[in-house]
Amino acid sequence: MSLVLDPAAQDLLFREAHTANAFTDEPVTEEQVQAIYDLVKYGPTAFNQTPLRIVLVRSAEARERLVAHMAEGNQAKTATAPLVAILAADNEFHEELPTLFPAFPQAKDLFFAERPAREAAAGLNAALQAAYFIIGVRAAGLAAGPMTGFDAAGVQKEFLDDDHTPLMVVNIGKPGEGASYPRSPRLAYDDVITTV
């Protein structure tokens, strides 16, 4: 094996991990979410930008508002998951670049002065951070159920503002009975990798 990561950790993070569609009622604590973020914040992004913003939907009232914007097939699992997170891209992330990327503070104005450039960068880099977040959820011994089946405009209006673009909604918790489907096929190495 060419990987230095322990095989059990490889299984936890990738081989045995599945998208969860059902959860136990065991709560997800603030301490768990803090530990997840404190781990995954180190994942690489361009210019060390940090556009990901996370809204934790904990109250019953907020959960009802969110469920109303979910696609029909995602409503029941979102209503019953122990914790739901809205992952969004902050299109004004560039304001933090002088602090986050002190080696080149001019990047803020040189590359991100125009809104379309910021939106493109925020979307890509927040999506990277969202992937790290899902791996962090798995590292905490929890399961994630990421979904893009929702009314993005409705979620933005209900929970965010015009400077934040919702990317996905993630149900989080301990997987319950029948939580996942059988593993779907993946492309083989030779189908993906080209050497030039």
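Notes on the structure follow. In this text the structure is predicted, and so the values were computed from the model without any measurement.

Looking only at helices and strands, one finds nine helices and four strands in the protein. Starting at the N terminus and walking to the C terminus, you meet the elements of the protein as α-α-β-α-α-β-α-α-α-β-α-β-α. For 196 residues, the compact-globule estimate of 2.2 N^0.38 gives 16 Å, and the C-alpha radius of gyration of the protein, at 18 Å, lies within 12% of that figure. Based on the C-alpha atoms only, the size of the protein along its principal axes is roughly 50 × 50 × 35 Å. Expressed as a percentage of the 196 residues in the protein, the buried residues total 38%. Within the protein, contacts between residues at least 6 apart in sequence are counted, and of these 79% link residues at least 24 apart. Surface accessibility of the protein: about 11,200 Å² in total, with carbon and sulfur atoms responsible for 58%.

It is worth spelling out the nonpolar core at this point. Among the nonpolar cores identified, the biggest contains 23 residues, and Leu87, Val137 and Ile172 are the most heavily contacted of them. Counting residues per element, the ones that place at least two in this core are helix 2 (30-40), strand 2 (83-90), helix 7 (115-139) and strand 4 (164-173). Per-element accounting of this core gives the leading share, seven residues, to helix 7. Ignoring sequence-local partners within four residues, the contact set of Leu87 consists of Leu52, Arg53, Ile54, Ala130, Phe133, Thr165, Pro166, Leu167, Met168 and Val170. The next biggest cluster of nonpolar side chains, apart from the first, holds 18 residues, and it includes Ile86, Ala88, Ala143 and Val155.

The rules behind these values
Residues numbered from 1 in each chain as written. Predicted model: local features only at pLDDT ≥ 70, side-chain atom pairs only at ≥ 80, totals over all residues. Heavy atoms only, no water. Helix = DSSP H or I, 4+ residues; strand = E, 2+ residues; numbered from the N terminus. Rg over C-alpha atoms; globule rule 2.2 N^0.38 Å. Buried < 20%, exposed > 50% of the residue type's maximum accessible area, 1.4 Å probe, protein only. Contact = heavy atoms within 4.5 Å. Areas by Shrake-Rupley, 256 points an atom, 1.4 Å probe, with all protein chains shown as cover. Core = buried A, V, L, I, M, F, W, Y, C linked by side-chain atoms within 4.5 Å.

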